Amino acid sequence: MRARLGLAVLAALSWAEAAHAGEPTLWQRAREPGAALRYKARVRAEQLFDQAADVRGDAQLMRDLSLGSVALMELSGGARGDPWRAVLLGRVLLDAQPGREREAIALIESGVYRLPDSDFKRGSLFDVGLGAMLSGDLERANRAFTAALSLAWDPDYRASIHRNRGKVRMLAGRLGEAVSDFRAAVQLARGVEVMALAHFGLGVALERSGDYPQGLQEALRGVALRLPVPPYPSESVLDLPTLRWFPEYDVHYFRALGAMSEAAAASSREVQQDRYEVAVESWEQYLPAAEASKDRFLSNAVRLNQRCLEALARLERERSGRVR
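Sequence order sets the numbering: in each chain, residues are counted from 1 along the sequence as written. For this predicted model, a pLDDT threshold of at least 70 governs which residues receive local features, and a threshold of 80 or more governs which side-chain atom pairs are given and counted, while totals over whole chains, interfaces and linings are taken from all residues. Hydrogens and water molecules were not included; the side-chain quantities draw on all heavy atoms of the structure.

Focus: helix H8 (residues 138-149)
Logical step 1: Helix and strand definitions follow DSSP, with helices as H or I runs of at least four residues and strands as E runs of at least two, each counted in order from the N terminus. Residue count minus one, scaled by 1.5 Å, sets the expected span of a helix. Relative to the 16 Å expected for twelve residues at 1.5 Å per residue, H8 spans 16 Å between its end C-alpha atoms, a close match to the ideal helical length.
Logical step 2: Within H8, burial applies to Leu-138, Ala-141, Asn-142, Ala-144, Phe-145, Ala-148 and Leu-149. The classification of residues rests on relative accessible area computed with a 1.4 Å probe and restricted to protein chains. Under 20% of the type maximum is buried, over 50% is exposed, and intermediate values are partly exposed.

This is the structure we're talking about:
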């Protein structure tokens, strides 16, 4: 999907360049010796952005290409005065992750609302949502995802927007709205990656809102959806290197609940014990970070970890009884 977006970006930028900033004429090259170099820098920047879209499975290579694109765009100049290029520079900055996320979001927002409705505009709003969420600006992220949703038509893309908006609303404590978003994501999802993430999100949102049994069922559905290897580097969607988490430690909550769902569904004590042990390992990674951050869901995690420890103690008593 991002590769198709890259092609749309190039098409849009080519149109904009043809309108007012195309390849320098002979007169421009004579008057401005650097015009040709700036034009080549812009074209190469766009090519690198498109290449970065094709290698999203390799996070480091994607960042390297994006950083190259940033450097060339800034060298070429003019990005901040043109809405198309301001938005593109902001998006590339977000991909490159050079610690300039606030600047990137401001660049996108400076131009995106002046653009006509299009897939490029929708993708740009989606990127604002992601960047704002990862920066902890939850209300800004909610607005951006809502705006992106109004322009989205592809079922998987709509599912991804609902899922991300659901995560934002869950982090803000708006659990009823979060559950509704995740349910919409589950209903819309077509691809296995999008569907697995939607089920995991719904499971966690349900558990955090007080529906532990249904939360386990949805988490188990997420676990059951295995990704094909290759092309994916891992069967579990939670292990994908391209996923970014806010807060970073929240992935351990998802992993722990997934392991607990497997333990609850296991047909043997051995599998139950293994899955509960995996869950406890995840809780041990989640709890210190959540306590330090005063996470709103810390009490849920403490309670779930205690469930796991009690289940392991029960299994040990049963095992000892059989040995005797």
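Focus: the confidence of the model for the chain
Logical step 1: Summarising the model, the chain shows a mean pLDDT of 82, and 73% of its residues fall at 70 or more.
Logical step 2: pLDDT expresses, on a scale from 0 to 100, how confident the predictor is about each individual residue. Contacts are assigned to residue pairs with any non-hydrogen atoms lying within 4.5 Å of each other. Note that pLDDT drops below 50 for residues 1-22; the model gives that stretch 43 contacts with residues more than four away or on any other chain.
Logical step 3: Scored below 50 in pLDDT, residues 61-76 makes 45 contacts in the model with residues more than four places away or belonging to other chains.

Some thoughts on unusual backbone geometry
Logical step 1: With an omega of -15°, the peptide bond between Val-229 and Pro-230 qualifies as cis.
Logical step 2: For Pro-230, the location among the structural elements is in the loop between helix H12 (212-224) and helix H13 (250-265).
Logical step 3: A cis geometry characterises the amide bond from Phe-246 onward to Pro-247, with omega recorded as -10°.
Logical step 4: Along the polypeptide, Pro-247 turns up in the loop between H12 and H13.
Logical step 5: Here Lys-294, not a glycine, exhibits a phi torsion of approximately 55°, which is positive.
Logical step 6: Residue position: Lys-294 is located in the loop between helix H14 (269-292) and helix H15 (298-323).
Logical step 7: In this structure Lys-294 comes out as exposed when scored by relative accessible area, which is 72%.

What about the pattern of salt bridges?
Logical step 1: For this document, the term salt bridge refers to a Lys or Arg side-chain nitrogen within 4 Å of an Asp or Glu carboxyl oxygen. One pass over the full model with this rule turns up 19 salt bridges.
Logical step 2: Across the pair Asp-181 and Arg-169 runs a salt bridge, and its minimum N-O distance is 3.1 Å. With Asp-181 in helix H10 (residues 175-188) and Arg-169 in helix H9 (residues 155-171), this pair connects stretches of sequence that are twelve residues apart.
Logical step 3: Close ionic contact of Glu-262 with Arg-275 constitutes a salt bridge, the shortest N to O distance being 3.1 Å. Of this pair, Glu-262 sits in helix H13 while Arg-275 is found in helix H14, placing the two residues 13 residues apart along the sequence.
Logical step 4: It is possible to trace a salt-bridge network through shared partners that takes in Glu-109, Asp-137 and Arg-140.

Comments concerning the packing of H9 against H10
Logical step 1: Interaxial angles span 0 to 180 degrees and are taken between N-to-C directions of axes, which are lines fitted to C-alpha atoms, for helices over the stretch in contact. Remark: H9 packs on H10, axes separated minimally by 8 Å, with the N-to-C direction vectors making an angle of 160°. Taken as axis vectors, H9 and H10 run roughly antiparallel relative to one another. With respect to the hand of their crossing, H9 and H10 are arranged in left-handed fashion. Packed against H9, whose contacting residues are Pro-155, Asp-156, Arg-158, Ala-159, His-162, Arg-163, Arg-165, Gly-166, Lys-167, Arg-169 and Met-170, the element H10 presents Leu-175, Glu-177, Ala-178, Asp-181, Phe-182, Ala-184, Ala-185 and Leu-188 at the interface.
Logical step 2: Classification convention: Asp, Glu, Lys, Arg as charged; Ala, Val, Leu, Ile, Met, Phe, Trp, Tyr, Cys, Pro as nonpolar; all other residues, Gly among them, as polar. Its residues placed into classes, the contact of H9 with H10 shows nine nonpolar, two polar and eight charged. Angle categories are assigned with fixed cut-offs, so that under 35 degrees is roughly parallel, over 145 is roughly antiparallel, 65 to 115 is roughly perpendicular, and the rest are oblique. Left-handed describes a crossing whose near helix is turned anticlockwise from the far helix through less than a right angle; right-handed describes the clockwise counterpart.

Some words on the packing of aromatic side chains
Logical step 1: Here a Phe, Tyr or Trp ring, Trp counted by its six-membered ring, pairs with any other such ring whose centre lies within 6.5 Å, and the pair is stacked when the planes are under 30 degrees apart, edge-to-face when over 60, and tilted otherwise. Applying the stated criterion to the full structure yields eight aromatic pairs.
Logical step 2: Through a chain of ring-to-ring contacts, the aromatic side chains of Tyr-249, Tyr-253, Trp-283 and Tyr-286 assemble into a single cluster.
Logical step 3: We count a charge as sitting over a ring when the NZ of a lysine or the CZ of an arginine lies within 6 Å of the ring centre and within 35 degrees of the ring normal. Lying over the aromatic face of Tyr-157, Arg-122 brings its terminal NZ or CZ to 3.8 Å of the ring centre.
Logical step 4: It is Arg-307 that lies over the ring of Tyr-212; its NZ or CZ is 4.0 Å from the centre.

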